[in-house]
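Structure at a glance
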Amino acid sequence: MLEIIKSIIFGIVEGITEWLPISSTGHMILLDEFIKMDVSDKFREMYLVVIQLGAIMAVVLLFWWKIWPFCKENNYERHYVENKKADFLDNFRFIKQDIFIMWIKIVIACIPAVIVELAFGNKLEEWFYNYKTVAIMLILVGIVFIIVEDKNKKNKPAVTKISDITYSTAFWIGMFQLVAAVFPGTSRSGATIIGGLILGLSRTIAAEFTFYLAIPVMFGASLIKVIKFGLSFSALEAGILISGMLVAFVVSLFVIKFLMGYIKKHDFKVFGWYRIVLGALVLVYFAIA
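None of these values were measured; they are calculated from a predicted model. The written sequence of each chain sets the order in which its residues are numbered from 1. Where local features are concerned, this predicted model is filtered to residues with pLDDT of at least 70; where side-chain atom pairs are given and counted, the filter is 80 or more; whole-chain, interface and lining totals use all residues. Side-chain figures throughout are based on the complete set of non-hydrogen atoms in the structure, without hydrogens or water.

**Overview of the packing of aromatic side chains**
Centres within 6.5 Å are what make two rings of Phe, Tyr or Trp a pair, Trp counting through its six-membered ring; a difference in plane orientation under 30 degrees is then read as stacked, over 60 as edge-to-face, and the rest as tilted. Counted according to the given criterion, the structure contains 18 aromatic pairs. Consider the rings of phenylalanine 10 and tyrosine 47, whose centres lie 6.0 Å apart with planes at 80°: the pair is edge-to-face. Here phenylalanine 10, found in helix 1 (residues 2–17), pairs with tyrosine 47, found in helix 3 (residues 41–50); they are 37 residues apart in sequence, far enough to count as distant. The interplanar angle of 80° and the centroid separation of 5.6 Å between the aromatic rings of phenylalanine 63 and tyrosine 212 together place this pair among those described as edge-to-face. Of the two residues, phenylalanine 63 sits in the loop between helix 4 (52–62) and helix 5 (64–67) while tyrosine 212 sits in helix 11 (residues 203–229), which places them 149 residues apart along the sequence. Helix numbers and strand numbers start at the N terminus; a helix is a DSSP run of H or I with at least 4 residues, a strand a run of E with at least 2.

Quick look at the structure:
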């Protein structure tokens, strides 16, 4: 029962930090320093990644009609008239053209991180998955957030719709995501949001594209971890994993709604300051511990 309670705590932290630009991986690594679950190292490594599937399913549920590219025949005409687009996809009556194209852009954005993860994944964890890297990246990215928001204060965003994101912009957002894939504490959502802001996306669109981009990234990462671990879970391990994912899912529903409402009236600077303070506290704590 104690291990389930610990997993619930991990699920709460995951659900909050996955979507706020403060680094879920960084917080999970730090939390693991203080709350140790009585499980094998192999299971812990898998758990800290796969628990994110719960958070991802919250995005799938909340944004289903914005991400599902197929429609029934009786919905085709309405969708076609609303979007007023005509190209080769006109021949596919059950495909929502704008959503299908969006997924092509998401795949393009995923390519840099996928290549690096497949080539150096295990080495990156060995080199950088520690409190020092997390603390330093929390501080550095926090500073970048404040600088970018200050510079963007008077700028009008050039991209205010997902469909306005070009293929090249999607690729460069993927390059920002690559930094987060290499250095824990960066925050995948933080890196892609910063990239989006620099590239002219509005805060809302930068956050929304970040949510969508997380779907294939997290599903892919989780699949790889589960395959490496195998499907031979004990009853306790299954309970720990399921409870953590369910809690992450429920918490994420509220956090995503909060964030989308918050950024309509506020910038991301508060998260930058939070990152700086947390990173400094982590460095001080481990220096004197």
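**Comments concerning helix 3**
A turn of α-helix holds 3.6 residues, and therefore any two residues three or four places apart point the same way. Whether a residue is buried, partly exposed or exposed follows from its accessible area with a 1.4 Å probe, protein chains only, as a fraction of its type maximum: under 20%, in between, or over 50%, in that order. The buried fraction of helix 3 is high, at seven of ten residues. Where helix 3 is concerned, the buried positions are Phe43, Arg44, Met46, Tyr47, Leu48, Val49 and Val50.

**What about the packing of helix 4 against helix 11?**
Put simply, helix 4 and helix 11 touch, their axes get as near as 9 Å, and they point 145° apart. The crossing of helix 4 and helix 11 is left-handed. When helix 4 is examined against helix 11, the residues Gln52, Leu53, Ile56, Met57, Val59 and Val60 are found in contact with a partner set consisting of Phe211, Ala214, Ile215, Met218, Phe219 and Ser222. Classification convention: Asp, Glu, Lys, Arg as charged; Ala, Val, Leu, Ile, Met, Phe, Trp, Tyr, Cys, Pro as nonpolar; all other residues, Gly among them, as polar. Its residues placed into classes, the contact of helix 4 with helix 11 shows ten nonpolar, two polar and no charged. An axis is simply a line fitted to the C-alpha atoms; with a helix, the fit covers only the stretch in contact. Between two such axes, the angle follows the N-to-C directions and lies from 0 to 180 degrees. Crossing handedness is read from the near helix: turned anticlockwise from the far helix by less than a right angle, it gives a left-handed crossing, and turned clockwise, a right-handed one. Throughout, a contact is declared for two residues whenever any of their heavy atoms are within 4.5 Å.

**A look at the packing of helix 1 against helix 12 (residues 235–262)**
Here helix 1 crosses helix 12 at 30°, and the two axes come no closer than 7 Å. Of the possible angle classes, the one that applies to helix 1 and helix 12 is roughly parallel. When you trace helix 1 past helix 12, the crossing you get is right-handed. Facing helix 1, whose interface residues are Glu3, Ile4, Ser7, Ile8, Gly11, Ile12, Glu14, Gly15 and Ile16, helix 12 presents Leu236, Gly239, Ile240, Ser243, Gly244, Val247, Ala248, Val251, Ser252 and Val255. Roughly parallel here means an angle under 35 degrees, roughly antiparallel means over 145, roughly perpendicular means 65 to 115, and every remaining angle is called oblique.

**Remarks on a nonpolar patch on the surface**
Any residue with relative accessible area above 30% and no salt bridge may belong to a patch, with like charges joined within 9 Å and the nonpolar Val, Leu, Ile, Met, Phe, Trp and Tyr side chains within 5 Å. All accessible-area figures derive from a Shrake-Rupley calculation using a 1.4 Å probe, and residue coverage is judged against the displayed protein chains alone. By definition, a salt bridge exists where a carboxyl oxygen of Asp or Glu is found within 4 Å of a side-chain nitrogen of Lys or Arg. Together, Ile136, Leu140, Ile143, Ile147 and Leu283 line one region of the surface with nonpolar side chains, adding up to about 390 Å² of accessible area. It is helix 8 (residues 131–152) that contributes the most residues to the nonpolar patch, four residues altogether. With respect to the element layout, leucine 283 can be found in helix 13 (residues 269–288). A residue is classified by how much of its surface remains accessible, and leucine 283, at 33% relative accessible area, is partly exposed.

**Examining the pattern of salt bridges**
Pairs can form between side chains of opposite charge whenever their charged atoms are close. As enumerated under the stated definition, the model contains nine salt bridges in all. For glutamate 45, the salt bridge goes to lysine 225, with nearest N and O atoms at 2.9 Å. A residue pair is termed long-range when its members are at least 10 positions apart, and glutamate 45 in helix 3 and lysine 225 in helix 11 qualify at 180 residues. A relative accessible area of 36% means that glutamate 45 is categorised as partly exposed. Here lysine 225 falls in the buried class, since its relative accessible area comes to 8%. Across the salt bridge formed by aspartate 150 and lysine 269, the nearest N and O atoms sit 2.8 Å from each other. Here lysine 269 lies in helix 13 and aspartate 150 lies in helix 8, a separation of 119 residues in the sequence.

Don't take any of this as a statement about function, it's just geometry.
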